[in-house]
Amino acid sequence: MSPSKSVIMVTGGSGLVGKAIDWVVENDSKYGKREGEEWVFLTSKDGNLIDPAQTKAIFEKYRPTHVIHLAAKVGGLFGNMAANLDYFRDNLLINDNVLHNAKEFGVKKVVSCLSTCIFPDKTSYPIDETMVHQGPPHDSNYGYSHSKRMVDVMNRAYNQQYGCNFTSVIPTNVFGPHDNFHLVNSHVIPGLIHKCYLAQQNNTPFIMAGTGRPLRQFIYSRDLARLFIWTLREYQEITPLILSVPEEEEVSIKQVGDSIVKAMGYTGDYRFDTTKADGQYKKTASNKKLMSLNPDFQFTPFDVALSETVEWFKENVDTIRK
Ligand code: NDP
């Protein structure tokens, strides 16, 4: 980025990832705020990005030179299955409004956020950046997935037609402070933290669904935030970049449960209900491209990240999303 004044606008600034970027901007000596940078974190209260006029008004107000685009209609499995059209349309409209205004207002760079769940359902592993469009996504969330894939199509076309520097990143499963800790409609880690907390409070067993054997790559929201900022400053390509821990750092769901129990200090009955389905065994993504470009990046050890998240949950349990 140029040393002159830049205004970096983050859409979805109140969410899990947006709050982590805010934290890194304020607290990190390497990736944090630099001289001449002004950071603006938007929430839906600043305007509904589904609406073209409200989106334009936001760009008129802040005149961003750079945009990190996180805002999205995000939901769990059942929400997606029940409303694929809403997830498709809302996200398509949000992304179209943000990228169109970024072009109209001469934004120098946009980094948008995709997700590993948009990859083809039937694929080979590890997944890499070249595979985004190689086959239909999983049937449960095809609306969300196709709308996110279209961001990559738009980035390419904006670059070809107008020379815009719009790119995207693909994070694996994110967790950290400010997550949604709902017991049913949340991702695996925040849901289990909440469940374990209730087991501890009520003196009831902490029961995990399935065998605990499936493997997943989890990225700590604050690591992801550092990588988002690095991407904004250093990544030169239009094509997407997977932001993930290495393949060797996949953890089993049992390791997740063990770490939560330890971080929570839960000493009650803890077991697995093996009559419940496990889901896919693994969905490994490759972070080779990231590590070739940013070889010195240090990921926070999983146990440390999880215990910081549990601490944050306990301190904020009365006010968090749950
Ligand atoms: P959250 O659900 O935590 O936050 C969503 C954010 O988007 C909030 O700031 C919300 O504002 C804003 N938003 C939603 N709809 C609108 C709208 N119509 N107009 C304006 N703002 C809106 O999401 P995450 O932080 O988890 O996700 C951020 C990005 O990362 C998303 O693009 C998501 O697809 C992607 N991602 C997330 C993963 C995860 O594991 N969480 C994994 C991979 C990708 P408000 O709070 O005011 O409602």
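Residues numbered from 1 in each chain as written. Predicted model: local features only at pLDDT ≥ 70, side-chain atom pairs only at ≥ 80, totals over all residues. Heavy atoms only, no water.

Engineer: Please set out the nonpolar core residue by residue, giving values where relevant.
Structural biologist: Among the nonpolar cores identified, the biggest contains 31 residues, and Val-17, Ile-21, Trp-39, Ile-68, Leu-70 and Phe-228 are the most heavily contacted of them. By residue number, the principal contributor to this core is helix α7 (residues 221–234), which donates 7 residues. Not counting residues up to four positions away in its chain, the partners in contact with Ile-21 are Trp-39, Phe-41, Ile-68, Leu-70, Ala-225, Phe-228 and Ile-229. Counting residues in each nonpolar core, the second largest holds 28 residues, with Tyr-197, Met-208, Ala-263 and Ala-305 among its members. (Core = buried A, V, L, I, M, F, W, Y, C linked by side-chain atoms within 4.5 Å. Buried < 20%, exposed > 50% of the residue type's maximum accessible area, 1.4 Å probe, protein only. Helix = DSSP H or I, 4+ residues; strand = E, 2+ residues; numbered from the N terminus. Contact = heavy atoms within 4.5 Å.)

Engineer: Provide a residue-level description of the packing of aromatic side chains, including the pertinent values.
Structural biologist: If you walk through the whole model with that rule in mind, you get 16 aromatic pairs. With a centroid separation of 6.4 Å and an interplanar angle of 40°, the aromatic rings of Tyr-158 and Tyr-162 are classed as tilted. Taken together, the residues span about one helical turn, with Tyr-158 and Tyr-162 both in helix α5 (residues 142–162) at a distance of 4 residues. For Tyr-158, a relative accessible area of 11% corresponds to the buried category. Taking 5.4 Å as the distance between ring centres and 55° as the angle between the ring planes, the aromatic pair formed by Tyr-158 and Phe-166 counts as tilted. Phe-166 matches Tyr-158 in its accessibility class, with the two residues each being buried. A network of ring pairs unites the aromatic residues Phe-175, Phe-218, Tyr-220 and Phe-302 as a single cluster. (Phe/Tyr/Trp six-rings, centres within 6.5 Å; stacked < 30°, edge-to-face > 60°.)

Engineer: Quick one: what's the story with the sheet that holds strand β4 (residues 109–113), residue by residue and with numbers?
Structural biologist: On the basis of which strands lie adjacent, the open sheet formed by 6 strands has the order β2-β1-β3-β4-β5-β10 and parallel pairing. For this open sheet the edge positions go to β2 (37–41) and β10 (241–243), each flanked by a neighbour on one side alone. For this sheet, the mean angle separating the axes of adjacent strands, direction not counted, is 20°. Bridging between strand β3 (residues 66–69) and β4 involves 4 bridges; their strand directions are parallel. Looking at the pairing, Ile-68 lines up with Val-111 of β4. Each of β4 and β5 (166–171) touches α5; the most contacted strand, β5, lies at about 155° to it. (Pairing = 2+ DSSP bridges. Axes fitted to C-alpha atoms, helices over the stretch in contact; angles between N-to-C directions.)

Engineer: Could you give an account of the domain arrangement of the protein, naming the residues involved and the relevant values?
Structural biologist: On domain assignment, one finds that the protein holds domain 1 (6–174 + 218–244) and domain 2 (177–216 + 248–283 + 301–315). Taking only C-alpha atoms, the centre of domain 1 and the centre of domain 2 are 27 Å apart. If you look at the interface, domain 1 gives 12 residues, while domain 2 gives 17 residues. Regarding the contact of domain 1 and domain 2, the summed buried area is about 1,300 Å², with carbon and sulfur atoms giving 62% of it. The largest contributions to the domain 1 side of the interface with domain 2 come from Leu-16, Phe-218 and Tyr-220, which together make up 50% of the buried area. Here domain 1 is connected to domain 2 by 1 salt bridge. Here Glu-308 makes a salt bridge to Arg-222, at a shortest N to O gap of 3.7 Å. Taken together, domain 1 and domain 2 are joined by 2 residue pairs in polar contact (both at pLDDT 80 or more). Mapped by element, the contributors of at least two residues to the side of domain 1 that touches domain 2 are α1 (16–27), β6 (173–175), β9 (218–220) and α7. Here the residues of the side of domain 1 that touches domain 2 are counted per class, giving 6 nonpolar, 4 polar and 2 charged. (Domains from an automatic or database assignment. Buried area = accessible area lost by both parts, 1.4 Å probe. Salt bridge = Lys/Arg side-chain N within 4 Å of Asp/Glu carboxyl O. Polar contact = N/O pair within 3.5 Å; in protein donor to acceptor, adjacent residues only side chain to side chain. Nonpolar A, V, L, I, M, F, W, Y, C, P; charged D, E, K, R; others polar.)

Engineer: Describe helix α6 (residues 188–202), naming the residues involved and giving the relevant values.
Structural biologist: For α6, built from 15 residues, the straight-helix expectation of 21 Å at 1.5 Å per residue is met to within 8% by its first-to-last C-alpha distance of 21 Å. Taken as a whole, α6 has its buried residues at Ile-189, Pro-190, Gly-191, Leu-192, Ile-193, His-194, Cys-196, Tyr-197 and Ala-199. Here the buried face of α6 lies against β6, β7 (206–209), β9, α8 (253–264) and α10 (302–316). Phi turns positive one or two residues past the end of α6, at Asn-203, with a value near 60°. (Expected span 1.5 Å × (residues − 1).)

Engineer: Which residues make up the environment of Gly-268, and what values do they have?
Structural biologist: When you line up the elements, Gly-268 lands in the loop between α8 and β12 (270–273). Of the residues examined, Gly-268 reaches a relative accessible area of 40% and is grouped as partly exposed. Sequence separation between Gly-268 and Ser-168 is 100 residues; the distance between their C-alpha atoms is 44 Å.

Engineer: How would you sum up the confidence of the model for the protein? Please name residues and give values.
Structural biologist: Close reading of the predicted structure is inappropriate where its pLDDT is low. Confidence in the prediction for the protein averages 95 pLDDT; 99% of positions are at 70 or higher. Interface confidence for the predicted complex, expressed as ipTM, amounts to 0.99; the pTM equals 0.96. (pLDDT = per-residue confidence, 0-100.)

Engineer: Outline the packing of helix α4 (residues 84–104) against α5, listing residues and values.
Structural biologist: As a packed pair, α4 and α5 sit with axes 8 Å apart at the nearest point and diverge in direction by 20°. Between α4 and α5, the interaxial angle falls into the category roughly parallel. Seen from above, α4 lies across α5 with right-handed handedness. Counting all contacts with α4, which are made through Asn-84, Tyr-87, Phe-88, Asn-91, Leu-92, Asn-95, Asp-96, Leu-99, His-100 and Lys-103, the residues of α5 involved are Tyr-142, Gly-143, Tyr-144, His-146, Ser-147, Met-150, Val-151, Met-154, Asn-155, Tyr-158 and Tyr-162. Per-class residue counts for the contact of α4 with α5 are 11 nonpolar, 8 polar and 2 charged. (Parallel < 35°, antiparallel > 145°, perpendicular 65-115°, else oblique. Left-handed = near helix turned anticlockwise from the far one by under 90°.)

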